[in-house]
Structure formats: structure tokens, C-alpha cells
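# Structural overview for review
What follows is each chain in one-letter form.
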Amino acid sequence: MARHPDTVITPNTLLSEARERLPSPRRPEQPMSRAELADLINSALSQLYPERDLSAHYVDRRWVGKLERGEHRWPSPERRAALRHVLGVTHDVDLGLYIARRTTWSAAMRAPQLAAPQSRINEFSASTLLGYGSVTIITPLKQEAVRARPVVALEDVVGAQRLGDLAKTLALDTRFETVPIGGEVDLNRGNLVVICGPRLSRRTAAILDQDPRIRFEPTPSGIWTLRDNETGLVHRSGLDETPARNWDVAYLGRLPRLDGKGTLIIFTGIHPQGSLGVVHLITTTIHELHRETAEHCFSMLVGTQFSPDTGEPVRVDRLTPVYWHEGAPAPCA
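Calculation rules
Residues numbered from 1 in each chain as written. Predicted model: local features only at pLDDT ≥ 70, side-chain atom pairs only at ≥ 80, totals over all residues. Heavy atoms only, no water. Helix = DSSP H or I, 4+ residues; strand = E, 2+ residues; numbered from the N terminus. Buried < 20%, exposed > 50% of the residue type's maximum accessible area, 1.4 Å probe, protein only. Contact = heavy atoms within 4.5 Å. Areas by Shrake-Rupley, 256 points an atom, 1.4 Å probe, with all protein chains shown as cover. pLDDT = per-residue confidence, 0-100. Pairing = 2+ DSSP bridges. Axes fitted to C-alpha atoms, helices over the stretch in contact; angles between N-to-C directions. Parallel < 35°, antiparallel > 145°, perpendicular 65-115°, else oblique. Nonpolar A, V, L, I, M, F, W, Y, C, P; charged D, E, K, R; others polar. Salt bridge = Lys/Arg side-chain N within 4 Å of Asp/Glu carboxyl O.

A word on the overall build of the protein. When you go through the protein residue by residue, the secondary structure sums to nine helices and 13 strands. The buried share among the 333 residues of the protein stands at 48%. Nonlocal contacts in the protein, meaning residues at least 24 apart in sequence, comprise 63% of its contacts between residues at least 6 apart. Total accessible area on the protein stands at roughly 15900 Å², and carbon and sulfur atoms take up 51% of it.

See below:
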């Protein structure tokens, strides 16, 4: 839609700030670039509209630049949906998007009202589930099948952003990092939340191998499962069944660092949709999780039913109780 000739062009800082809150999937400790955001928007278009060919709606860094400079304020409905999905917001106005007419200026530019949390979660006790004073959220890089580039799964990007937003409400300084291809990452640091499984990093595999209650196990055909050693049940993702189901299983735990000088929070789904389910569990029940786990080493399994169109959690269930590890109820060393 054409702009009114008298429309004043102003930078879209809401959009640029939302992009810069996301970690770059390829440049450690750097914010996401416009080109990287464009890649995620194109991936989201394919996920949100699997039955349609939306290649004509694909974007590039120049398109993102025009939006951030305020030269364009009202993309197509499909592109707006992809932007909201990638940047984790509900309404277009949260990203500074509106129809550029003078008659809608006042209403569209009102500051968006963020939804109030279910409870005031800026208490120190709740924040300690993620970290003391700060938190570093680590997501894995994966090899892109088509272009052979290192990328972060869309669900991991969205999940990391949602955890980062939660951390900020808890007054935690937040940083984002990635596990590089090959999996070599320093996990002997404080205040880490690691979203990575054993397949992508031998260091996360070594940490997960310390768990006496729950084990990652590949089948002879190479499909990963999660074994509950307390019950003997083996949980398999619905995505790996025939026919496939829109359901995934994920691991969540606090485990010792390999140097024995602290702990870290680690979680991962067998597929990325399961990881997003764990994020939902943490962000909606952090008080309850803190009361149940305190500072103990623990692990549990989480089941997530998700939308086939968006990958977003529809229902999240605990599949096991919170299992305290050896030495409980003493705090985890």
C-alpha cells in the first residue's frame, strides 16, 4: 500500500531492537544481522504455509533494511505473520507495523501494552533457576541441508529469545552464544542455560551422561530416544513414528559441570519443537520449578504437542516427576 505523500518517515526502532535482541546464528556474541533475519523469515514462511508456494514472498537484507528505516510499514499478511513468529510477538504494532495513513497514525503508534506475567516473577528466588545476576543462553549451530551453511533452528532462536525476555524480567543480565559446528564449547562457566543434545556436541553428551535417572539412547537405526531408568519406559518422538504425530519429548535438568565447580541448566527436545515446549514450561511455571528443584541436581521429561503449521506448543505435559539425583536433598555440588 502506498504511503500518503505527507507521511513522515521515522525509523522503526521497535523492529530493529527486536532483531538485535536475537543472537546471531553464525557470529558468536553478536546480534542477528538483517540478512540472518531475512533467512529466518523465509524459513518461517515455509513452516507457516506448507501447502503454498510463497517463494514470491521471500525477502532479503535490503527488504529488512527498508522496514527498519521506516520506508515501508505494512508488509503482506504472510510476511507479517512470519515476522511475528520469528520475533516472538503477538501483534503487528509490537513491531512498529501499521498502515501508513495519517488517519491511523495516532492509534498505531501508541506504545504497545505488554501482557502482564501470570505473577510477578522478578523475585530473586525464581531468578536463581536461570542464574545469579546473569545468564548465558547457548543454542547449537546445525549444518543447513540445502546451502551447507551453519544455522540455528528457528525453534531454538525463538526459545532463546523467550528465555532472554524472561531473564530480563528477573533482572538478569542476558547474553547469547552458539555451540559451533563440531560441538566444542566451554561449559565450565557459571550461569549457563544450554539448549543442546548429545548428537551435536560431545561436551553436552558428557554432561548428560552423568544423569543416573534419564538417558539418551539411539536405536540401532540411529533414532534418538529418552529412557526413564526409574520406570524402564523408553520415550520416542512422535515425529519419528509412522505415521508421524505432532508430538515430541524433551529432557530438562540441572547437572554438574565437567570441572566439578558448579552446575548448569541443560535441556533439549529430540526435535526442536520439544525444546520450545520446555521453554514454555519454564516461562509459565518458573516459581513452581524453583520450589521443586531449589539448588539440587535434577532431571525430568517433558512432552509437547505442537501445531503442525507453526511448531508452537499446543499442550505441554510433565512425563515424569522431578527426579532428584544422588545426594539429594543436599544441594548439587
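For the rest of this paragraph, the subject is the environment of Leu45. Turning to its location among the elements, Leu45 is positioned in helix H2 (residues 34-48). The buried category is assigned to Leu45, whose relative accessible area is 1%. Dropping the residues within four chain positions of it, Leu45 is found in contact with Leu54, His57, Tyr58, Glu78, Arg79 and Ala82.

Across the junction of Thr242 and Pro243, the peptide omega takes the value 0 degrees, indicating a cis bond. Looking at the element boundaries, Pro243 is found in the loop between strand S8 (234-236) and strand S9 (247-256). Phi at Ala171 is positive, roughly 65 degrees, even though this residue is not glycine. Along the chain, Ala171 turns up in the loop between helix H7 (154-169) and strand S4 (173-179). At Asn191, a residue that is not glycine, the phi angle is positive and equals roughly 60 degrees.

Here the focus is the confidence of the model for the protein. Taken as a whole, the protein shows an average pLDDT of 83; of its residues, 83% reach a score of 70 or greater. Taken element by element, the protein is modelled with least confidence in helix H5 (residues 105-108), mean pLDDT 32, and with most confidence in S9, mean pLDDT 97. Low confidence marks residues 144-148, where pLDDT is under 50. Its contacts with residues over four positions away, or in another chain, come to four contacts.

What follows concerns helix H3 (residues 61-69). Along H3, the positions that sit buried rather than exposed are Trp63, Val64, Gly65, Leu67 and Glu68. Tucked into the core, H3 has its buried residues touching helix H1 (13-20), H2 and helix H4 (77-87). Within two residues after H3, Gly70 carries a phi angle of roughly 85 degrees, on the positive side.

Right, let's get into the sheet that holds strand S6 (residues 214-218). Pairing within the open sheet is antiparallel, and its three strands lie in the order S6-S7-S8. Each edge of the open sheet carries a strand with a single partner, namely S6 and S8. Taken pair by pair, the neighbouring strands of this sheet meet at an average axis angle of 30 degrees, ignoring direction. Where S6 lies against strand S7 (residues 224-228), five bridges are found, and the strand directions are antiparallel. Counterpart to Pro218 in the pairing with S7 is Trp224.

Inspection of the secondary structure assignment puts His91 in the loop between H4 and H5. Judged by relative accessible area, which is 47%, His91 ranks as partly exposed. When the C-alpha atoms of His91 and Arg80 are compared, they prove to be 9.4 Å apart, with 11 residues separating the residues in sequence.

A separate point is the packing of H4 against H7. Relative to each other, H4 and H7 sit at 60 degrees, their axes nearing to 8 Å. When the axis of H4 is compared with that of H7, the two are oblique. Between H4 and H7, the contacting residues are His85, Val86 and Leu87 on the first element and Leu154, Val158 and Gln161 on the second. Classifying every residue of the contact of H4 with H7 by side-chain character gives four nonpolar, two polar and no charged.

All chains considered together, the criterion is met by 23 salt bridges. Its salt-bridge partner being Asp39, residue Arg26 comes within 3.7 Å of it at the nearest N-O pair. Remark: Asp39 occurs in helix H2 and Arg26 occurs in the loop between H1 and H2; sequence separation between them is 13 residues. Here Asp39 falls in the partly exposed class, since its relative accessible area comes to 22%. When salt bridges that share partners are traced, they join Arg19, Glu20, Arg34 and Glu68 into one network.

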